[in-house]
Amino acid sequence: QVQLVESGGGLVQAGGSLRLSCAASGRTFSTYARGWFRQAPGKEREFVAGISWNDGSTNYADSVKGRFTISRDNAKITVYLQMNSLVPEDTAVYYCAADKWGQGVAGQESYDYWGQGTQVTVSS
């Protein structure tokens, strides 16, 4: 059974940092791009960051460039999202996703597997 499990969410003050993790299990994910998305209350889910399956190239939403960093471990099992300089507008449920042979693109339709999400709340 394929599983993506997010962790690391929580409550943080504006200006603070959090690191989210997404652990994969159930199959070999070495050929999967990984992405982070988020959904704030009353809003549609949106792309945050992605990392390609092969060369590890990254892609970010304009709203998080310079503040968030996506990375992965050498085995490509766990993907991380380091979030710095958090603002209240970053409050959302954060989801990780996997896209076979993908490039970490923004289109949600490209992703085959999704995690259950982890809540991030940034207080002002």
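Since the structure is predicted, the reported quantities are computational estimates derived from the model, not experimental observations. (Residues numbered from 1 in each chain as written. Predicted model: local features only at pLDDT ≥ 70, side-chain atom pairs only at ≥ 80, totals over all residues. Heavy atoms only, no water.)

All right, on to the packing of aromatic side chains then. Evaluation of the coordinates by the stated rule reveals 8 aromatic pairs. When the ring of Phe29 is compared with that of Tyr32, the centres are 4.8 Å apart and the planes differ by 50 degrees; the resulting orientation is tilted. For Phe29, a relative accessible area of 3% translates into the label buried. By relative accessible area, Tyr32 is classed as buried at 4%. (Phe/Tyr/Trp six-rings, centres within 6.5 Å; stacked < 30°, edge-to-face > 60°. Buried < 20%, exposed > 50% of the residue type's maximum accessible area, 1.4 Å probe, protein only.)

Here Arg27 shows up in the loop between strand S3 (18-25) and strand S4 (32-39). With 96 residues separating them along the chain, Arg27 and Ser123 place their C-alpha atoms 37 Å apart. If sequence neighbours within four positions are ignored, Arg27 has contacts with Val2, Tyr32 and Tyr113. (Helix = DSSP H or I, 4+ residues; strand = E, 2+ residues; numbered from the N terminus. Contact = heavy atoms within 4.5 Å.)

Another aspect to go through is the pattern of salt bridges. Counted according to the given criterion, the structure contains 4 salt bridges. One salt bridge in this structure joins Arg38 and Asp90, with 2.9 Å as the shortest N-O distance. You can see Arg38 sitting in strand S4 and its partner Asp90 sitting in the loop between strand S8 (78-83) and strand S9 (92-100), a full 52 residues away along the chain. Given the relative accessible area of 6%, Arg38 is considered buried. With a relative accessible area of 1%, Asp90 lands in the buried category. Across the pair Asp90 and Arg67 runs a salt bridge whose closest N-O atoms are separated by 2.7 Å. In this pair, Asp90 sits in the loop between S8 and S9 while Arg67 sits in the loop between strand S6 (58-60) and strand S7 (68-72), placing the two residues 23 residues apart along the sequence. Assigned by exposure class, Asp90 and Arg67 land together as buried. A single network of salt bridges, built from pairs that share partners, joins Arg38, Glu46, Arg67 and Asp90. (Salt bridge = Lys/Arg side-chain N within 4 Å of Asp/Glu carboxyl O.)

It is worth spelling out the nonpolar core at this point. Formed by 32 residues in total, the largest nonpolar core has its most connected members in Trp36, Val48, Phe68, Ile70, Leu81, Met83 and Tyr94. Breaking this core down by element, the ones donating at least two residues are S3, S4, strand S5 (46-51), S7, S8, S9 and strand S11 (118-123). Top element by residues in this core is S9. It accounts for 5 residues. In this structure, Met83 is in contact with Gly16, Ser17, Leu18, Leu20, Arg67, Phe68, Tyr94 and Val120, ignoring residues within four places of it in sequence. (Core = buried A, V, L, I, M, F, W, Y, C linked by side-chain atoms within 4.5 Å.)

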